[in-house]
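Commentary on secondary and tertiary structure
Letter by letter, the chains look like this.
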Amino acid sequence: MMECAPCKWLNEKRESRQLVLVVVSVALLLDNMLFTVVVPIIPSFLYKKEITISNITTTELQSPTSAYDFSFLFNASLHDEATNSSNRTCEKKDIALHSENVKVGLLFASKAIVQLLMNPLVGLITNRFGFDAPLFAGFVILFLSTLMFAFSGSYVLLVVARSIQGIGSSFSSVAGLGLLANVYTNDYERGRAMGIALTGLAMGVLAGAPFGSVMYEFVGKASPFLVLAVLALMDGALQLCILRPSKFSPPTAVPTPYHELLRDPYILVAAASLWISNMAVGMLEPTLPIWMMETMCSPDWQLGVAFLPSSVAYLICTNLFGVLSHKMGRWLCSMLGMILVGIGLLCVPLARNIYGLIGPNAAIGVALGMVDSSIMPIMGYLVDLRHTSVYGGIYAICDIALCLGFAVGPSLAGIIASKIGFSWLMVIIAILNILFAPLCILLRSPPAKEEKVAILTQECAMHTKTYMTQSNSVPDLILSDHSDEEYSSTVSRTKGTSH
């Protein structure tokens, strides 16, 4: 039987590095779109729910016999409640919103806490079974979490949905980044590929908050999650076409144990850079919308749009510095990024309206793009240089660092903001970023371990992956159809040398 043209093309392209990059980028996009779409929705939703319950109680006490009116009030839509409450002043909101800081912070942190606990397990799973099946498992779990967000109406159910999302995010992030590091072996190409994948992540961050706020304001709470569920189904179909979820492909080399990776001081510095810089955003997400509602009396749609400058800047800079950091030095890029994070945070409380947030948030987005696009390839390089080139464990550690930022950040942010205020919260995390930044100098020229020196010396003739502070000639990223043949040949020669 003659094979159909689309099937033939699919079989030819199924192992293409470019299509693998597309799959990973889309998975990260949807994961982070779900991650940020709740940012403008949850604070407003919980506040309005509290107001609705308060109004119901008051009405019941004042007129206990008006059962019909009570029923109508209980079933009123959130949009109607928003209209009815729009005339309240910021002063009347202030006390209720102040008390929401802790609840919102803990809800946001629940996802990162669960993801943090899952990452070591997912790293072991990818080392044992390969990357395709875990990546597909991440899609399934995220799809279920999205549906649960759409139909959850209580705080407890929202926390459960957010926690389930953390499990799916762990599979998607660890398997996706590990898969890229596995198929892009050249240091420059790997940095470029990581930059493109982080661009997908940035697009999710970019679209999530504004999309969520606008849909919530004009259509309803469930609408953005139902749209994301449909997009997730399309992503699952793409993964089934490109990857092989039913095929297990464990690595031939023995992976480095977690305890050995975590004893490496260079890995710890790189992971801490990710943690501290991303903790800044983790602190902003639950507290900035509430602060805007308190001080600016901002409508719902502005709560998500306020994050737009940082998202656009991150989108641009992850791709830009994925290439540029290789030339200027990834250690320098990370250090400057952390300093810029601190400066941006110090400027946030100075804003008096949404337009005053554009500059500080854009600076934070640029800075995070510099840090993330530099540290991700550094992690892969450190494993190649100092440990076994199996990437599940190292990118589990990467994701653990990110999760610490988004677990510690929101949970502490809510408590600190409610005790000493939003402005002092920004000052504290800004100073922490600026003080830690100089430690990135340690990543300038990390030494290879003795047992790796001989291997690296033998591989010099095969264009060994090198990490250079300055580069006079930068190879182009291979995106031709012959890239897979060259990659397979390189892997075969590397395995032969290792044995």
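Treat the numbers as computed from the prediction; the structure is a model and nothing was measured.

1. Focus: a nonpolar patch on the surface
A grouping of Leu336, Ile339, Ile343, Leu346 and Ile434 is seen on the molecular surface, where their side chains present a nonpolar patch of about 350 Å² in accessible area. In terms of residue count, the dominant contributor to the nonpolar patch is helix α15 (residues 330–347) (four residues). Position of Leu336 relative to the elements: it lies in helix α15. Its relative accessible area of 37% is what places Leu336 among the partly exposed residues.

2. Focus on the side chain of Ser173
By the secondary structure assignment, Ser173 is in helix α8 (residues 155–183). Excluding anything up to four places from it in sequence, Ser173 contacts Leu28, Asp31, Gln115 and Asp399.

3. Things to note about the environment of Phe436
Within the fold, Phe436 resides in helix α18 (residues 422–436). C-alpha of Phe436 to C-alpha of Val269: the two residues are 167 residues apart in sequence and 9.4 Å apart in space.

4. Some thoughts on the packing of helix α14 (residues 308–328) against α15
Remark: α14 packs on α15, axes separated minimally by 6 Å, with the N-to-C direction vectors making an angle of 115 degrees. Considering the angle they form, α14 stands roughly perpendicular to α15. Packed against α14, whose contacting residues are Phe321, Gly322, Ser325, His326 and Met328, the element α15 presents Arg330, Leu332, Cys333 and Leu336 at the interface.

5. Thoughts on the confidence of the model for the protein chain
Across the protein chain, pLDDT averages 75, with 74% of residues at or above 70. The least confident element of the protein chain, judged by mean pLDDT, is helix α4 (residues 67–74) at 38; the most confident is α15 at 93. Counted against residues more than four places away or in other chains, residues 63–89, with its pLDDT under 50, gives 22 contacts. Within the model, the stretch residues 459–499 combines pLDDT values under 50 with 68 contacts to residues more than four positions away or in other chains.

6. With respect to the nonpolar core
If you look at the biggest cluster of nonpolar residues, it comprises 122 residues, and the most contacted ones within it are Leu288, Met292, Leu345, Leu357, Met376, Met379 and Tyr395. Considering every element that reaches this core, the biggest residue donor is helix α12 (residues 265–295), with 18 residues. In contact with Tyr395, not counting residues within four places along its chain, are Val174, Leu177, Gly178, Ala181, Arg190, Met194, Met376, Pro377, Met379 and Gly380.

7. Quick word on the pattern of salt bridges
For the coordinates displayed, the defined rule picks out two salt bridges. A salt bridge links Arg190 to Asp384; the shortest N-O distance between them is 2.8 Å. Taken as a pair, Arg190 in helix α9 (residues 187–218) and Asp384 in helix α16 (residues 358–386) lie far apart in primary sequence, 194 residues in all. Of the two residues, Arg190 and Asp384, neither departs from the other in class, the shared state being buried.

8. As for the packing of aromatic side chains
Inspection of every chain in the model, using the stated rule, returns four aromatic pairs. Ring plane angle 50 degrees and centroid distance 5.3 Å describe the contact between Phe136 and Phe139, whose orientation is recorded as tilted. You can see Phe136 and its partner Phe139 sitting in helix α7 (residues 132–151), three residues apart, about one turn around the helix. Between Trp291 and Phe422, the aromatic rings sit 4.8 Å apart at their centres with planes inclined by 20 degrees, giving stacked as the arrangement. One end of the pair, Trp291, is in helix α12; the other, Phe422, is in helix α18, and 131 residues separate them in sequence.

9. Considerations on the environment of Trp275
Structurally, the position occupied by Trp275 is in helix α12. Given a relative accessible area of 30%, Trp275 falls into the partly exposed group. Sequence separation between Trp275 and Cys398 is 123 residues; the distance between their C-alpha atoms is 8.7 Å. Residues within four places of Trp275 in sequence aside, it is in contact with Ala401, Leu404, Gly405 and Val408.

10. Describing helix α2 (residues 17–37)
For an α-helix the count is 3.6 residues per turn, leaving residues at separations of three or four pointing the same way. With 21 residues, α2 extends 30 Å between its outermost C-alpha atoms, agreeing within 8% with the 30 Å of an ideal straight helix rising 1.5 Å per residue. Counting buried residues along α2, 18 of its 21 residues qualify, which places the element largely inside the surrounding structure.

What counts and how
Residues numbered from 1 in each chain as written. Predicted model: local features only at pLDDT ≥ 70, side-chain atom pairs only at ≥ 80, totals over all residues. Heavy atoms only, no water. Patch = residues over 30% accessible without salt bridge, like charges linked within 9 Å, V, L, I, M, F, W, Y side chains within 5 Å. Areas by Shrake-Rupley, 256 points an atom, 1.4 Å probe, with all protein chains shown as cover. Salt bridge = Lys/Arg side-chain N within 4 Å of Asp/Glu carboxyl O. Helix = DSSP H or I, 4+ residues; strand = E, 2+ residues; numbered from the N terminus. Buried < 20%, exposed > 50% of the residue type's maximum accessible area, 1.4 Å probe, protein only. Contact = heavy atoms within 4.5 Å. Axes fitted to C-alpha atoms, helices over the stretch in contact; angles between N-to-C directions. Parallel < 35°, antiparallel > 145°, perpendicular 65-115°, else oblique. pLDDT = per-residue confidence, 0-100. Core = buried A, V, L, I, M, F, W, Y, C linked by side-chain atoms within 4.5 Å. Phe/Tyr/Trp six-rings, centres within 6.5 Å; stacked < 30°, edge-to-face > 60°. Expected span 1.5 Å × (residues − 1).

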